[in-house]
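# Observations on chain architecture
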Amino acid sequence: MSNQPTQAINEFRSNSSFDTDLMTCFIRGGPENVRNHRAAVTRVEKALGLDDSWKLPPQYGEQNRSEQLLQGINASRVMLRDQNDHGHELFHHRTYNYQLANAGAFNQSLVIFLPCLQYLASPEQAAEWIPKVRSGAITGTYAQTELGHGTFVRGLETTATYDREADEFIIHSPTTASTKFWPGSLGFASSHTVTMAQLQIDGKNHGVHAFLTQIRSLEDWKPLGGIELGDIGLKFGYNAVDNGYLRFNHFRIPRTAMLDRHAQVLPGGKYVSRGDLTAMYAIMLKLRSIIVNGVPYNLAQALTIATRYSVIRTQGLGPNGLLAIEIPILQYKSQHFRILTLIAKSYAGLLVGRNLEAEVSVYLVQLTKGDHSNSGYMHVVCAGYKAWASQLCADGADDARRLCGGQGYLAMSGLPDIVTHLHGTPTFEGENYVLWQQVFRYLFKCTQQLDSGGRIPKSMRYIADGFQEYSSGNGRSSIGLKCTAHGRDFLDPIVQLSFYRHRSLRLIFATSAKINRDTTDKEPTTAANAWNRHMMSIIDAARAHIEYTGLEAIYAQLSAIPDEYAMLRLVLDRLMNLYSLSTIINPYTTAGITFAEDGYLSFSQLEDIRGLADELLGQLYFDAVALTDAWDFSDASLASAIGCYDGDAYERLLSWTRQLPINMKANKNDGVFVPAWRGIIQPMMDGLKVEAKL
Ligand SMILES: Cc1cc2nc3c(=O)[nH]c(=O)nc-3n(C[C@H](O)[C@H](O)[C@H](O)COP(=O)(O)OP(=O)(O)OC[C@H]3O[C@@H](n4cnc5c(N)ncnc54)[C@H](O)[C@@H]3O)c2cc1C
């Protein structure tokens, strides 16, 4: 190990402005959580043989598809066992290496299959099945998506037809497009699924319902008769899990296998609806909030690697090429800006996620009391934050990868796996562009209510307050409004919230006005066409609303920070100021246009904001390493040759490179890669010699 990089990285650590351990406790929710989590991760890493950071992690060897899956299934087994042996649920939502739980073969069982039973099953069904899932006696997944339909659930084609004689359902895949395709752990790791299928009784379709379906024998794990299934192959990411396909050929299950908390089929075929959507809402909201809470960790993983590497890597002789020694790349302003604004986003995601979790918990209690009054609002909040957080973190992690230059493109940097994993999140559990529309649909309804003199929910009060100012004539009445702040005013959260609020109101009312105009003009178009025509404005407005309420959530969290973390206020304030201001002036995105396009913020105000962002970057420079250390990722969980805690990137990368099986095998043959030499290169050379003679 060489000392130089460790010294460089430690210099940052000793110059940071806050206590890293205290920040870890803040991030993880207290010292006890930190201790328990560290102990569990250490046990799992040891059991998987990952605890020596100088040893090449197995995934960088020559793993084929089968070996990747085996490694993933084994890791999942170890996590499940650790939870059972030590009585905790730390891996229910995230794996030991912080991937969302659906990336682990049996974790899928806990993150989605289990909640389906908790919220969709009757008490009797739940009592029978839940203990089996918790202990691992059965493993399950959630089979909704089909080849032909993912987003549009009503379009699913799998059928569950009631057979009165046998008192059973016949589950069937009538077309190629109805093949279940994508569910995690479906290929080989699950014994059961919750299958979403169209319920048919006496030729009448009752819509999509959930059926607990055993798909494999618990004796020999063979697929049951009438079932064809398997893995869907290599994916962009998520390769340690067996996302699978499944076809049903008139497969029979008992009538009691329909999860019947909110609808039941009685013996003889009578359909009884309890009209209770609680269950569906609860699961969807919970899963989305898990994503919102999970993805900032993945962004922070990518940034931990990129920050450590940017401190130890030196390249070039300074901005003018005039310095005598090469400088750490973090000193280049573009690197400095990108890393710190991304770190700010990871903390923004953490705080928004925390706020959301609290809101979801309150809502779930309301639901258990039969109070649905908040359902529309909570649906919007979870959909919007899921779309916001998944995009922010996926894009951010990819930039973190680019921040490491060529090395970031190496699998052994750990970054491609983090990035590709994150890039699944904008797609599953509600495709983001579809979710943005759901957010706006709710906002649009609010504006229609106000137009007709009605009232809107209290949680949307800012829209009611802005109604007079912003609503008339395509939002034109807001055009003359100007922000009056200048200079250091922009560091005031109230000022920041005021221009996020302005932008959101303006876009919501202007977009609503455009849709209304198109549906009521002389040549009216249908509402659906108007919607489609203005979809990009719709997405802009929905985003602006979520970014405004997200910033409110961030400042609400900061103002309620417990006393024991008061010492962190300064650095967190700086970070959140940087997050809020750099969203407007970031030269790499066009998101800032909507803050200024109507003249609300002037050129000189934007310059003030740029100056303040610059000042914040300077204040946070030496905090960069500590801000990422504080997330407390072990070396094994990062699986990065260039991002280990000691900063010894070059030595470790070269060591791992030498351990690559392809190099080890070649070295046994004096550095010759025999199959390439014997099979291709040698015959080619021989051919060239013959040609040359001719
Ligand atoms: C890693 C991963 C894990 C998954 N795990 C599971 C699982 O466990 N169980 C399961 O059932 N499924 C799973 N899925 C499937 C996933 O839920 C679907 O892929 C997702 O719902 C998107 O649906 P789709 O593939 O049909 O995309 P499509 O809906 O076909 O989307 C394609 C494009 O069309 C656009 N589009 C579609 N509809 C609209 C619209 N109304 N307005 C505007 N644009 C639109 C989208 O924005 C997108 O750009 C998983 C997927 C991934 C990637």
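Residues numbered from 1 in each chain as written. Predicted model: local features only at pLDDT ≥ 70, side-chain atom pairs only at ≥ 80, totals over all residues. Heavy atoms only, no water.

- Per an unreviewed UniProt entry, the recorded name for the protein is Acyl-coenzyme A oxidase, and the organism is Tothia fuscella.
- Listed under Cofactor (unreviewed entry) in UniProt, the entry text for the protein is "FAD".
- According to the UniProt record, the Sequence similarities (unreviewed entry) comment for the protein reads "Belongs to the acyl-CoA oxidase family." (UniProt positions renumbered as here; feature names shortened; annotations may be inferred.)

### Re the packing of aromatic side chains
- Scanning the model with the defined rule gives 24 aromatic pairs in all.
- A ring pair is formed by Phe 12 and Tyr 621, whose centres lie 5.3 Å apart and whose planes are at 55°; its orientation type is tilted. Pair noted here: Phe 12 is in helix α1 (residues 3-14) and Tyr 621 is in the loop between α19 (603-620) and α20 (624-629), with a separation of 609 residues, a long-range link.
- Residue class for Phe 12 comes out buried when judged on its relative accessible area of 5%. (Phe/Tyr/Trp six-rings, centres within 6.5 Å; stacked < 30°, edge-to-face > 60°. Helix = DSSP H or I, 4+ residues; strand = E, 2+ residues; numbered from the N terminus. Buried < 20%, exposed > 50% of the residue type's maximum accessible area, 1.4 Å probe, protein only.)

### As for the nonpolar core
- Membership of the largest hydrophobic core comes to 175 residues, with the highest contact counts inside it found for Met 23, Tyr 347 and Phe 499.
- Considering every element that reaches this core, the biggest residue donor is helix α7 (residues 278-312), with 18 residues.
- A domain-level breakdown of this core finds at least three residues from each of domain 1 (138-275) and domain 2 (439-619). (Core = buried A, V, L, I, M, F, W, Y, C linked by side-chain atoms within 4.5 Å. Domains from an automatic or database assignment.)

### Quick look at the packing of helix α17 (residues 569-585) against α19
- It is at 9 Å that the axes of α17 and α19 come closest, and there the two elements cross at 140°. Classified by the angle between their axes, α17 and α19 sit oblique to one another. Here the hand of the crossing between α17 and α19 comes out left-handed. Contacts between α17 and α19 involve Val 571, Arg 574, Leu 575, Asn 577, Leu 578, Leu 581, Ile 584 and Ile 585 on the former and, on the latter, Leu 606, Ile 609, Arg 610, Leu 612, Ala 613, Leu 616, Leu 617, Gln 619 and Leu 620. (Axes fitted to C-alpha atoms, helices over the stretch in contact; angles between N-to-C directions. Parallel < 35°, antiparallel > 145°, perpendicular 65-115°, else oblique. Left-handed = near helix turned anticlockwise from the far one by under 90°. Contact = heavy atoms within 4.5 Å.)

### Side note on the sheet that holds strand β7 (residues 227-231)
- Here we have 3 strands laid out as an open sheet, ordered β4-β8-β7, and antiparallel in their pairing. The open sheet is flanked by β4 (180-181) and β7, the only strands paired with a single partner.
- Relative to strand β8 (residues 244-248), β4 runs antiparallel, the two sharing 2 bridges. Across the sheet, the residue bridging to Phe 181 is Tyr 245, located in β8. (Pairing = 2+ DSSP bridges.)

### Quick look at unusual backbone geometry
- Residue Tyr 98 is not a glycine yet carries a positive backbone phi of 70°.
- Mapped onto the elements, Tyr 98 comes out in the loop between α4 (65-86) and α5 (107-120).
- Backbone geometry at His 250 places phi at a positive 45°, although glycine is not the residue there.

### Things to note about the domain arrangement of the protein
- Considered domain by domain, the protein is made up of domain 1 (138-275) and domain 2 (439-619).
- Domain 1 and domain 2 are separated by 43 Å when their C-alpha centres are compared.

### Comments concerning the pattern of salt bridges
- By the definition in use, this model includes 31 salt bridges.
- Arg 164 is the salt-bridge partner of Asp 202, the closest N and O atoms lying 2.6 Å from each other. Remark: Arg 164 occurs in the loop between β2 (159-163) and β3 (168-172) and Asp 202 occurs in the loop between β5 (192-201) and β6 (204-214); sequence separation between them is 38 residues.
- Among the salt bridges present, the one from Arg 506 reaches Asp 598, with a minimum N-O distance of 3.1 Å. Residue Arg 506 is found in helix α14 (residues 493-520), and its partner Asp 598 is found in the loop between α18 (593-596) and α19; the two are separated by 92 residues along the sequence.
- With a relative accessible area of 8%, Arg 506 lands in the buried category.
- Under the relative-accessibility criterion, Asp 598 is labelled buried at 10%.
- Taken together, the salt bridges that share partners define one network made up of Arg 338, Asp 398, Asp 399, Arg 401 and Arg 402. (Salt bridge = Lys/Arg side-chain N within 4 Å of Asp/Glu carboxyl O.)

### Focus on the pairing of β8
- Side-chain alternation along β8 places Gly 244, Leu 246 and Phe 248 on a buried face and Tyr 245 and Arg 247 on a face that remains uncovered.
- As defined by bridge partners, β7 adjoins β8 across 5 bridges and the pair is classed as antiparallel. Across the sheet, the residue bridging to Gly 230 is Tyr 245, located in β8.

### A few points about the state of the cysteines
- Counting across every chain of the model gives 0 disulfides.
- With no disulfide of its own, Cys 446 has Cys 382 as its nearest cysteine by sulfur position, at a separation of 16 Å. (Disulfide = S-S within 2.5 Å.)

### What to know about the UniProt feature "domain: Acyl-coenzyme A oxidase N-terminal" (unreviewed entry) in the protein
- When the UniProt feature table is mapped onto this chain numbering, "domain: Acyl-coenzyme A oxidase N-terminal" (unreviewed entry) sits at residues 19-138.
- Split by type, residues 19-138 is 62% helix and 0% strand. Its first and last C-alpha atoms lie 45 Å apart.

### Describing the side chain of Thr 447
- Looking at the secondary structure, you find Thr 447 in helix α12 (residues 432-451).
- A distance of 3.3 Å separates polar atoms of two side chains, one belonging to Thr 447 and the other to Ser 512.
- Residues within four places of Thr 447 in sequence aside, it is in contact with Ile 508, Phe 509 and Ser 512. (Polar contact = N/O pair within 3.5 Å; in protein donor to acceptor, adjacent residues only side chain to side chain.)

### Here we look at the pairing of β6
- One ladder, built from 9 bridges, connects β5 with β6; its direction is antiparallel. Among the inter-strand pairings, Met 196 is bridged to a residue of β6, identified as Ala 210.
- Connecting β5 to the next strand, β6, in antiparallel fashion are 2 residues, including Asp 202 with a positive phi near 50°.

### Remarks on the environment of Ala 348
- Among the structural elements, Ala 348 can be located in helix α8 (residues 333-368).
- On the basis of relative accessible area, Ala 348 is assigned to the buried category, the value being 0%.
- Distance in space between the C-alpha atoms of Ala 348 and Ser 580 is 9.1 Å, their sequence separation being 232 residues.
- Aside from chain neighbours lying at most four places away, what touches Ala 348 is Trp 388, Ile 554, Met 576 and Tyr 579.

### A closer look at the site of the ligand
- Around the ligand sit 18 residues, and of these Tyr 142, Gln 144, Thr 145, Thr 151 and Glu 431 come closest.
- Here an oxygen atom of the ligand sits 3.1 Å away from a polar atom, N or O, in the side chain of Gln 108.
- Take Tyr 142: an N or O atom from its main chain is 3.0 Å from a nitrogen atom of the ligand.
- Surface burial for the ligand is 65%, taken as the share of its 970 Å² of free accessible area covered by protein chains.
- Sorting elements by how many residues they give to the shell around the ligand places α12 first, with 3 residues.
- Split into classes, the residues belonging to the shell around the ligand amount to 8 nonpolar, 9 polar and 1 charged. (Near = heavy atom within 4 Å. Areas by Shrake-Rupley, 256 points an atom, 1.4 Å probe, with all protein chains shown as cover. Nonpolar A, V, L, I, M, F, W, Y, C, P; charged D, E, K, R; others polar.)

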